[in-house]
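Overview (structure and organization)
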Amino acid sequence: MKRLLILGLALGVAFSVDAVAANAENGKAKAAQICAACHGPDGNKPSAPDQPILAGQHYDYLVRALTDYKIGRRNNPIMKGFAAQLSKQDIEDLAAWFSSQKSRLHDQR
């Protein structure tokens, strides 16, 4: 019984961490302000061939890429400038938005 109580407390602590869940709708709004000019409103229409399609990309990859631009691990002056103004929550929201979009790169079978 004691082990069960300890396990229950441990799980309760693990799930009560005050992490805010990513919000795709907030990401959509932020994307319209910051990302749409170069990547398109849903991440499917880059304005230049050297800009990636973000729609349908993996959430974790997008979080890592934006964080890497923000901290300088990835070197692109334009992206560094945009990423520098993003909070951790903004990055997670943007990743939620773009990862939830259908990509025209996916196989159409």
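Conventions and cut-offs
Going along each chain's sequence as written, the residues are numbered from 1 onward. Reporting in this predicted model follows two pLDDT cut-offs: at least 70 for local features of residues, and 80 or more for side-chain atom pairs to be given and counted; totals over whole chains, interfaces and linings ignore these cut-offs and use all residues. With hydrogens and water set aside, each side-chain value is computed from the structure's full complement of heavy atoms. The quantity known as pLDDT measures the predictor's confidence residue by residue, on a range of 0 to 100. We call two residues contacting when some pair of their heavy atoms lies within 4.5 Å. Buriedness for pockets is judged along seven lines, at least five of which must meet protein on both sides within 12 Å for an open set on the 1 Å grid over protein atoms alone, while cavities are sets there where a 1.4 Å probe fits but cannot get out, and lining residues have an atom within 4 Å of a point. Grid points are joined across faces, edges and corners, and a volume is the space filled by probe spheres set on the points. A run of DSSP states H or I qualifies as a helix once it reaches four residues; a run of E qualifies as a strand once it reaches two. Both are numbered from the N-terminal end. Gly is placed with the polar residues, together with every amino acid not listed as nonpolar (Ala, Val, Leu, Ile, Met, Phe, Trp, Tyr, Cys and Pro) or charged (Asp, Glu, Lys and Arg). By convention a nonpolar core is built from buried Ala, Val, Leu, Ile, Met, Phe, Trp, Tyr and Cys residues, the set being connected through side-chain atoms within 4.5 Å. Think of it in three bands: with a 1.4 Å probe and only protein chains considered, a residue is buried below 20% of the maximum accessible area for its type, exposed above 50%, and partly exposed in between. Axis geometry follows a simple rule: fit a line to the C-alpha atoms, using only the stretch in contact for helices, then measure angles between N-to-C directions, giving values from 0 to 180 degrees. Oblique is the label for any angle not covered by the other classes, which are roughly parallel (under 35 degrees), roughly antiparallel (over 145) and roughly perpendicular (65 to 115).

Some remarks on the confidence of the model for the protein chain
Summing up the model confidence of the protein chain, the mean pLDDT is 86 and the portion of residues at 70 or higher is 78%. With pLDDT under 50 throughout, residues 13-19 is counted as low confidence; its partners more than four residues away or in other chains account for zero contacts.

Here's the deal with the layout of surface pockets
Reported here for the largest pocket is a volume of approximately 520 Å³. Taken together, 24 residues line the largest pocket, and the ones lying closest to its centre are H39, P52, L54, Y69 and M79. Of all the elements in the fold, those that place two or more residues in the lining of the largest pocket are helix 3 (36-39), helix 4 (59-71), helix 5 (77-84) and helix 6 (88-99). It is helix 4 that contributes the most residues to the lining of the largest pocket, five residues altogether. The class makeup of the residues in the lining of the largest pocket is 18 nonpolar, four polar and two charged.

Brief notes about the nonpolar core
Among the nonpolar cores identified, the biggest contains 16 residues, and A31, C35, L66, L86, L94 and F98 are the most heavily contacted of them. For this core, the secondary structure elements donating two or more residues are helix 2 (24-34), helix 4, helix 5 and helix 6. In contact with F98, other than residues within four places in its own chain, are A31, C35, G40, P41, D42, G43, L54, A55, G56, Q57 and L62.

Focus on the packing of helix 2 against helix 6
Packing of helix 2 against helix 6 brings their axes to within 7 Å, and their N-to-C directions diverge by 95°. Between helix 2 and helix 6, the crossing angle belongs to the class labelled roughly perpendicular. Residues A24, N26, G27, K28, K30 and A31 of helix 2 form the contact with helix 6, whose participating residues are D90, D93, L94, A96, W97 and F98. Residue composition of the contact of helix 2 with helix 6, by class: six nonpolar, two polar and four charged.

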